[in-house]
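Tertiary structure, described
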Amino acid sequence: VVAAIDIGSNAARILIKSVTKKGDKLQFKKLQFMRIPIRLGVDVFRNGKISEEREIALLRTMKIFRQLLILYNVDDYRICATSAFREARNGKKVLSLIRKETKLKIDVITGMEEARILRDTNYSMMGNLLYVDVGGGSTELSFVREGELVESRSFDIGTLRMLNESVSPEIWQQMINTVTDITQGVENIQIIGTGGNINKLYRLAPKQERKNNILKVSILSNLFKKMSVMDVEERMLHYNLRESRADVIVPAAQIFLMIADITKSEDIIVPTKGLADGIINELASSLINNG
């Protein structure tokens, strides 16, 4: 039994799976998943530090997660923190407190490692693939051309940053230039989209359009147009969304549409596997291979 905890800028998640080996393949069964919208990025991207209120919320969350690790007799786990912790001035202090109170060790991973884990998690196709993961604090991009990694980058462009209007025009232009440069002259680019927002957008598409985990860009564009003229409460009511999803889903759609426009992609594959799944895959492979 293995577990992954992903402490993102928008939410903290725990995923627990059992793993068995049959032949050369690993088989997984989900035992538990929980998501707590702590929103560390609201403080960090505005003030540069995690507030006392959110520090307490994170500590309480980690205590709950620790009990789940015990309850499910987890053999191994990894906890990864991303963009908000990479920038928080008091990040080390908060991590030290959590370690003291819960005995849990948290790895603050780089944007490049985050991109690699996400890419490896969904690395099962051939062709010209652009992996795009949109989070609260950052967007990770990896371009794979016929099985070969061409470029992998992390940009400080995320949904919470956009809501806080803390994304500079220079950073936007850097991402636009990067996507343009690495895909120039390449045809039939397939976008692989990950993150909670694109997963939700896929599920909001009309049922007859939801096939093989493919979200048509035209459907995404229609959803974006409808949502962008609504306020948060209207989105919550009309689409049955939690508040913590209803505000960030529009800027996420904007990022995906911008990238699809540059690459002239008509579809986005939505495998619904994120960072936590990738962490679990790596833990499981290590445990099984080591006996």
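So, here is what we can say about the structure in this document. (Residues numbered from 1 in each chain as written. Predicted model: local features only at pLDDT ≥ 70, side-chain atom pairs only at ≥ 80, totals over all residues. Heavy atoms only, no water.)

Put simply, helix α2 (residues 52-71) and helix α4 (residues 91-102) touch, their axes get as near as 10 Å, and they point 35° apart. Regarding α2 and α4, the two cross each other, and that crossing is right-handed. Here Glu 55, Leu 58, Leu 59, Met 62, Lys 63 and Arg 66 of α2 lie close against α4, whose contacting residues are Lys 93, Val 94, Leu 97, Ile 98, Glu 101 and Thr 102. (Axes fitted to C-alpha atoms, helices over the stretch in contact; angles between N-to-C directions. Helix = DSSP H or I, 4+ residues; strand = E, 2+ residues; numbered from the N terminus. Left-handed = near helix turned anticlockwise from the far one by under 90°. Contact = heavy atoms within 4.5 Å.)

Read across the sheet, five strands follow the order β3-β2-β1-β4-β5 without closing on themselves; strand pairing throughout is mixed. The outermost strands of the open sheet, each flanked by one partner alone, are β3 (25-36) and β5 (107-108). Judged from the two bridges that link them, strand β4 (residues 76-81) and β5 form a sheet pairing that is parallel. Looking across to β5, one finds that Ala 81 is bridged to Val 108. On top of the sheet, α2 reaches β1 (2-7), β2 (12-22), β3 and β4; it is set at about 20° to β2, its chief contact. (Pairing = 2+ DSSP bridges.)

Next up on the list: the pairing of β2. As defined by bridge partners, β1 adjoins β2 across six bridges and the pair is classed as antiparallel. Counterpart to Ile 5 in the pairing with β2 is Ile 14. What sits between the antiparallel neighbours β1 and β2 is a turn of four residues. Here β2 hands over to β3 after two residues, with Gly 23 in that stretch at a positive phi of 70°.

Pairing within the open sheet is mixed, and its six strands lie in the order β8-β7-β6-β9-β11-β10. Because the sheet does not close on itself, it has two edges, and the strands there are β8 (148-155) and β10 (214-216). Shown here is a sheet whose adjacent strand axes are inclined to one another by a mean of 25°, direction ignored. Pairing geometry for strand β9 (residues 189-194) and strand β11 (residues 267-269), over two bridges, is parallel. Note on β11: the bridge partner recorded for Ile 191 is Ile 268. Packing against the sheet, helix α8 (residues 196-204) makes contact with β9 and β10, and its axis sits at approximately 75° to β10.

Looking now at the nonpolar core. Across soluble globular proteins, nonpolar side chains have a tendency to be buried as a group. The biggest cluster of nonpolar side chains holds 42 residues, and the ones touching the most others in it are Met 175, Leu 201, Leu 215 and Ile 259. When contributions to this core are tallied by element, the ones reaching two or more residues are β6 (128-134), β7 (139-145), α7 (169-183), β9, α8, α9 (217-228) and α12 (249-263). The biggest single contributor to this core is α12, with 10 residues. Once residues lying within four places of it in the same chain are set aside, the contact partners of Met 175 are Thr 139, Leu 141, Phe 155, Ile 157, Ile 255 and Met 258. (Core = buried A, V, L, I, M, F, W, Y, C linked by side-chain atoms within 4.5 Å. Buried < 20%, exposed > 50% of the residue type's maximum accessible area, 1.4 Å probe, protein only.)

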